[in-house]
Amino acid sequence: MKVLRTRAERFGAIVATESPPALVSVGRGLARRLGVEGGALWEAPSPGLDVEALTGPTEAHVSVTERCPAGCTGCYADATPTGYEPPFADVCARLDALAAAGTFAVAFGGGEAALRDDLPEIAAHARALGLVPTVTTSGLGMTAARAARFRVFAQVNVSHDGVGAVYRGVRGYDGAPIAERAIALLREAGVPVGANTVLTRASYPHLAETAAHLESLGCVELQWLRFKPSGRGRLDYLAQRLDDAQIASFGATLAALSRTRRIALRIDCALLPFLAGSGETPPEAVRAFGVMGCEPGRALLAVRADGRAAPCSFWQSDARAVPDTTTRDSLVHAWTDDATLDAFRAYRRALPEPCASCEFRASCGGGCRIVAGALGGTPWTPDPECPRVRAHARVHAPAQPPLHDRSIEGDPTT
Amino acid sequence: MRAVTDPAVTPHDDDVLCVHFGRSANCSSIGSVVDVLFVSGVVGTAVLASVAVLLGGARDGADGADDTGAASDAAVSNEPASEGAARDGAAPLARDGDAAP
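Residues numbered from 1 in each chain as written. Chains lettered and ligands numbered in written order. Predicted model: local features only at pLDDT ≥ 70, side-chain atom pairs only at ≥ 80, totals over all residues. Heavy atoms only, no water.

Along chain A, the regular secondary structure elements total 16 helices and 12 strands. Taken over the C-alpha trace, chain A has a radius of gyration of 20 Å; the compact-globule value for 414 residues is 22 Å, and the two agree within 12%. Over its C-alpha atoms, taken along the principal directions, chain A stretches across nearly 55 × 55 × 45 Å. Within chain A, buried positions represent 60% of all 414 residues. Long-range pairs, those at least 24 residues apart, make up 68% of the contacts in chain A with a sequence separation of at least 6. (Helix = DSSP H or I, 4+ residues; strand = E, 2+ residues; numbered from the N terminus. Rg over C-alpha atoms; globule rule 2.2 N^0.38 Å. Buried < 20%, exposed > 50% of the residue type's maximum accessible area, 1.4 Å probe, protein only. Contact = heavy atoms within 4.5 Å.)

Counting residues in hydrophobic clusters, the biggest one holds 97 residues, and the most contacted among them are F108, F150 and F250 of chain A together with L55 of chain B. Sequence-distant contacts of F250 of chain A, that is, excluding residues within four places in its chain, are made with L199, Y204, W224, I267, L271, F274 and L275 of chain A. Formed by 33 residues, the second largest nonpolar core is a distinct cluster that contains F104, V198, Y237 and I370 of chain A. (Core = buried A, V, L, I, M, F, W, Y, C linked by side-chain atoms within 4.5 Å.)

To continue, consider helix α6 (residues 176-188) of chain A. Residues and elements named next belong to chain A. Look at α6: 18 Å from first C-alpha to last across 13 residues, which is about the 18 Å you get at 1.5 Å a residue. Burial in α6 covers these residues: A176, A179, A182, I183, L185 and L186. Its buried side turned inward, α6 meets α4 (144-149), β7 (155-159), α5 (165-171), β8 (193-199) and α7 (207-216). Immediately downstream of α6, the backbone of G190 shows phi near 85 degrees, a positive value. (Expected span 1.5 Å × (residues − 1).)

Counting through the fold element by element, R390 of chain A comes out in helix α16 (residues 387-396). A distance of 3.4 Å separates polar atoms of two side chains, one belonging to R390 of chain A and the other to D244 of chain A. (Polar contact = N/O pair within 3.5 Å; in protein donor to acceptor, adjacent residues only side chain to side chain.)

Now for the sheet that holds strand β10 (residues 264-268) of chain A. Read across the sheet, 10 strands follow the order β12(A)-β11(A)-β4(A)-β5(A)-β6(A)-β7(A)-β8(A)-β9(A)-β10(A)-β2(B) without closing on themselves; strand pairing throughout is mixed. Looking along the sheet, the strands with just one partner apiece sit at the ends: β12 (309-310) of chain A together with β2 (31-33) of chain B. Pairing geometry for β7 of chain A and β8 of chain A, over 4 bridges, is parallel. From the neighbouring strand, V158 of chain A faces β8 of chain A, where its bridge partner is A195 of chain A. Sheet strands in contact with α7 of chain A are β8 and β9 (221-226) of chain A, and its direction is about 165 degrees off that of β8 of chain A. (Pairing = 2+ DSSP bridges. Axes fitted to C-alpha atoms, helices over the stretch in contact; angles between N-to-C directions.)

A word on the interface of chain A and chain B. Taken together, the 74 residues of chain A in the interface contact 57 residues of chain B. Taking both sides of the interface into account, the surface hidden between chain A and chain B amounts to around 6,000 Å²; carbon and sulfur atoms contribute 58%. Area buried by chain A at its contact with chain B is led by M1, R262 and F289 of chain A, which between them contribute 15% of it. Counting across the chain A and chain B interface gives 0 salt bridges. Between the two partners, chain A and chain B, sit 24 residue pairs in polar contact (both at pLDDT 80 or more). Looking at the side of chain A that touches chain B element by element, the count peaks at 6 residues for strand β3 (residues 22-27) of chain A. Of the residues in the side of chain A that touches chain B, the class split is 37 nonpolar, 21 polar and 16 charged. (Buried area = accessible area lost by both parts, 1.4 Å probe. Salt bridge = Lys/Arg side-chain N within 4 Å of Asp/Glu carboxyl O. Nonpolar A, V, L, I, M, F, W, Y, C, P; charged D, E, K, R; others polar.)

Moving on: the environment of A25 of chain B. Examined against the element boundaries, A25 of chain B turns out to sit in the loop between β1 (16-21) and β2. A25 of chain B gets classed as buried once you look at its relative accessible area, which sits at 0%. With residues up to four places along the chain from it excluded, the contact list for A25 of chain B reads A107, T134, V135, T136, Q155 and N157 of chain A.

Residue and element names in this part refer to chain A. Its boundaries defined by the atoms lining it, the largest pocket holds a volume of some 430 Å³. In terms of lining, the largest pocket is formed by 26 residues, of which the most central are L4, T17, E18, V132 and A154. Among the elements that line the lining of the largest pocket, the one with the most residues is strand β2 (residues 12-18), at 3 residues. Its residues assigned to classes, the lining of the largest pocket shows 12 nonpolar, 7 polar and 7 charged. (1 Å grid on protein atoms, 1.4 Å probe; cavity = no way out; pocket = protein on both sides within 12 Å on 5 of 7 lines; lining within 4 Å. Points joined across faces, edges and corners; volume = space filled by probe spheres on them.)

With antiparallel pairing, the 4 strands of this open sheet are ordered in space as β1(A)-β2(A)-β3(A)-β1(B). On the outer flanks of this sheet lie β1 (2-9) of chain A together with β1 of chain B, each paired with one strand and no other. For this sheet, the mean inter-axis angle between neighbouring strands, taken without regard to orientation, is 20 degrees.

All names here are of chain A. The complete set of buried residues in α16 reads V389, R390 and A393. The buried residues of α16 occupy one face: seen down the axis, they fall within an arc of 95 degrees. On its buried face, α16 is in contact with α9 (244-260). (Arc of directions from axis to C-beta.)

Read these as spatial facts, not as claims about activity.
Written out as structure tokens, the structure reads:
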């Protein structure tokens, strides 16, 4: 088992491994045997994994452009063909800062990150800093020569929501042929390729065939993403989100596919409440295998194209004209001092019911703050689509309408 | 080494507390491999135990950066070691009924 890096934590250390790729959290004794010394971090008794914030992000989601010609109807980033694109040197400075903060991995996105001609050089800079670089792309602009330059990435994830009408139903155009061409080119170049599938009311019924199709294309893993009311995704959110029956069947659907398909399955942070509510897996297993819920300020940091730190890629801000103020110090300090990250930590620290008594609370963190904000008027309320939250609400507010009848109020994530 | 079974219990110093498999290649939201959640508790515990043993082996190697090769891949793979290696360790996990080589 190849150890790439270690990082001291209050509970011991995080060990980044390759072959297999993993982040392993270990206690102080094992950390010490691996050569880690915790210093001041280990002076107090170990808190175990229940730390409010790790010493730095484990992964960072770095937007390298706001440009994209695709025009997906539900684009969470509201990307356009003329969006802002930071200079190479600025992106590299941000990577320097993330490495200084102890970050293990960076996932590049946008906009369409893969259309930046210098993206492989940006990834090479990340590699040189000890960061593990990955990127998400729609596949636009991929050529054989470009795919070969993408060997610098540890993995490339290609967005693919289903074949033909299914893809079109999620993004407003049929980008499946473009995605599949990119998958083929990247595989021919020897790049590990994963796929991202957004779960919407229209794509959900086809998940099994989409997974089989992506497996047949040679994708090594499939990540499911909950549709979020962010960017243009707010406009059609109520029609796109999963309905009650789909949420109720989510855990069983995931378990069945996991048992029958060879492709590795992943879920995103916002889907954990649906799995938790399914009864398909115990909280101890979710905990032991590091399944993450809402992690901003604990393990996750996002960096916007304009250089500002953000809790996650879906978090919107009105201050889009703020100049790039990123410096090595500012990003490092953002992890400890940023008011929004502190608000995320404070919410996790004092979860309201029914999250406070939920056995999955330590992993889940209270569900998706983006969904809560869009539907509830403030991000600091339980995720209103979580099955446990809905059951709680039925007891305390029996008049609650089904999901498809509710409306989005205001924009509390600004 | 023991698996963590109760978040309220203070973990033992020599424990693997948790393992987050995969490369996290999505840029918009943090993701987690879930296949191992649906295997039996015995298999899940064995995976954690294997990681602890293999980490110890890594330290016994060259300055904490030893690659034990196919044996480490096999501990968490649902495929033969050679095929798993061809996939470059994309975080497949042992499942019920799959005999780890």
